Amino acid sequence: MKQMKKRIALAILSLHALASPAFSDEIRKISLPKDAVIIQHKVFDTDIFWEIIPWNDGSSLTVDGWGRYSVLSFDKKGRLRQETLCDFPKEQLTGGFYADRNTGFVYTRNENLFHIYNANSKIKRSAILALIYFSDVTCGLFPLDERRMLVSHLKNDDAFSSTDDKINYGYFIYEHDEKKYERPKITDWRRISLEYQFSDDRLKFIAYDLDEKSYCVYDWQNQEKVPNKLADFLNESKLKIEMCDIKNRIIDAHSGKDDQWAHYIILWNEDFSKIEKYKLKDFFENADMVVLDSVSCDGKYGFLSCSYEDGLIDKGYWKPQKKYTWLAGFIDFEKLRAGKENPIRVTEVYSNGSSLFFATGFVPSERDGQVFIFPGEKKKANAIYMKDLF
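In this text the structure is predicted, and so the values were computed from the model without any measurement. Throughout, residues of each chain are indexed from 1 in the direction in which the sequence is written. Residue-level local features of this predicted model are given only where pLDDT is at least 70; pairs of side-chain atoms are given and counted only at 80 or more, and the full residue set underlies all totals for whole chains, interfaces and linings. As a rule here, side-chain values cover all heavy atoms of the structure and leave hydrogens and water aside.

Student: Help me out: how do you make sense of the confidence of the model for the protein in this one?
Tutor: A low pLDDT means the predicted coordinates there should not be read in detail. In this model, the protein carries a mean pLDDT of 87, and residues with pLDDT of at least 70 account for 86%. Ranking the elements of the protein by mean pLDDT puts strand β1 (residues 11-12) last, at 34, and strand β4 (residues 60-63) first, at 98. Residue-level confidence of the predictor, termed pLDDT, takes values from 0 up to 100. Contacts are assigned to residue pairs with any non-hydrogen atoms lying within 4.5 Å of each other. This stretch, residues 1-25, has a pLDDT under 50; its non-local contacts, to residues over four places away or in other chains, come to 79 contacts. For the purposes of this entry, the term helix denotes a DSSP run of H or I that reaches at least four residues, the term strand denotes a run of E that reaches at least two, and both are numbered from the N terminus.

Student: Explain the pairing of strand β24 (residues 301-313) to me, please; I cannot follow it from the model alone.
Tutor: As a general feature of sheets, a regular strand has side chains that alternate between the two faces. In this scheme, strands are said to pair when DSSP sees at least two bridges between them. Bridging between strand β23 (residues 289-295) and β24 involves six bridges; their strand directions are antiparallel. Note that in β24 the partner of Ser-294 across the bridge is Phe-303. Once β23 ends, the chain turns through five residues before running back antiparallel as β24, passing Gly-299 with a positive phi of about 75°.

Student: Sorry if this is basic, but what is going on with unusual backbone geometry here?
Tutor: Peptide bonds are trans in most cases, and residues, glycine excluded, mostly fall at negative phi. In this structure, Pro-33 follows Leu-32 across a cis peptide bond, with omega equal to 0°. Considering the arrangement of structural elements, one finds Pro-33 in the loop between β1 and β2 (42-47). Note that the residue after Phe-88, namely Pro-89, is joined by a cis bond; omega there is 5°. When you line up the elements, Pro-89 lands in strand β6 (residues 80-89). Its identity as a non-glycine residue notwithstanding, Lys-90 has a phi of 55°, on the positive side. Mapping Lys-90 onto the fold places it in the loop between β6 and β7 (95-100). Only protein chains enter the area calculation, which uses a 1.4 Å probe; residues under 20% of their type maximum are buried, those over 50% are exposed, and those in between are partly exposed. Here Lys-90 falls in the partly exposed class, since its relative accessible area comes to 47%.

The structure is reproduced here in structure tokens:
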């Protein structure tokens, strides 16, 4: 939800923690671009225009070229298929793609307008859930069941304030039904920002306390903060969450405004008795930034965007600036946890100008395991098979 996504074109060459103490100093670090892997890949006659996110065990979701929610899956022969989930919203979109298979909710948005569909009830609705001005923005929708979502609304009374002293979060329950939608007046304002929802208990959240400037776990039902070792770990490490997959217990975080280029992977077990952090750049010789962008639905693999300095950009009358190239990398979380070898592979798939590959994601295959899909020439789906990398 906090992830800032940018739509970019992928240019393709030939397809081409603080590390954990469990790792040996003998592990050879990756040098970019020298150690980029030339990979064998397939090209499918399926168009890819939007990001790809987990759905059911055997499929993922995307948005097709007509702006419709669509399902990506592999058949038994390993062929990629795209089927329309619903003939909706058929609108130009700006971001915020989200799906929850347990409750059936799928939504994205076009600026202020949210396009909400529930695959269980088949109800669809486009609605402005809260007024959005220059100084306040809607920031979160959390499914509670197939009929209700908790909506979080950020309001900053002073758009030009350099502090968060005037920032508050308002909450209300959204009812997804076929009645005419009437936007409620927000009366429940708090100094708690709900950030990520626990998958096993939908009334508990990783939250941020604006007054204490720290993470906590917030129990919405009882309206109280509850002790949690993961929140304590984040606060003690002074880390800011950038991406969080609570279901698979994986976090990407950086160490604050002064060092946003230093990203860490945080892993934990079910009862939070073991929490580990790994500095991603420690696996590289010369990477400027390494960011975890997405995780496969089974939590086995992650997609990394890895940057290195690649000359200078001629700025004309202005001073030349450093040029960066971003390579598509992947991480095997089982190998990361085991600590026996370098768990990262970097490929020769690249992008210029941004650390974020937008229209990408994992699609599970019963025959081939996890497959990473990205758009190649003419937006056709290109596939990288994790079994070929690891």
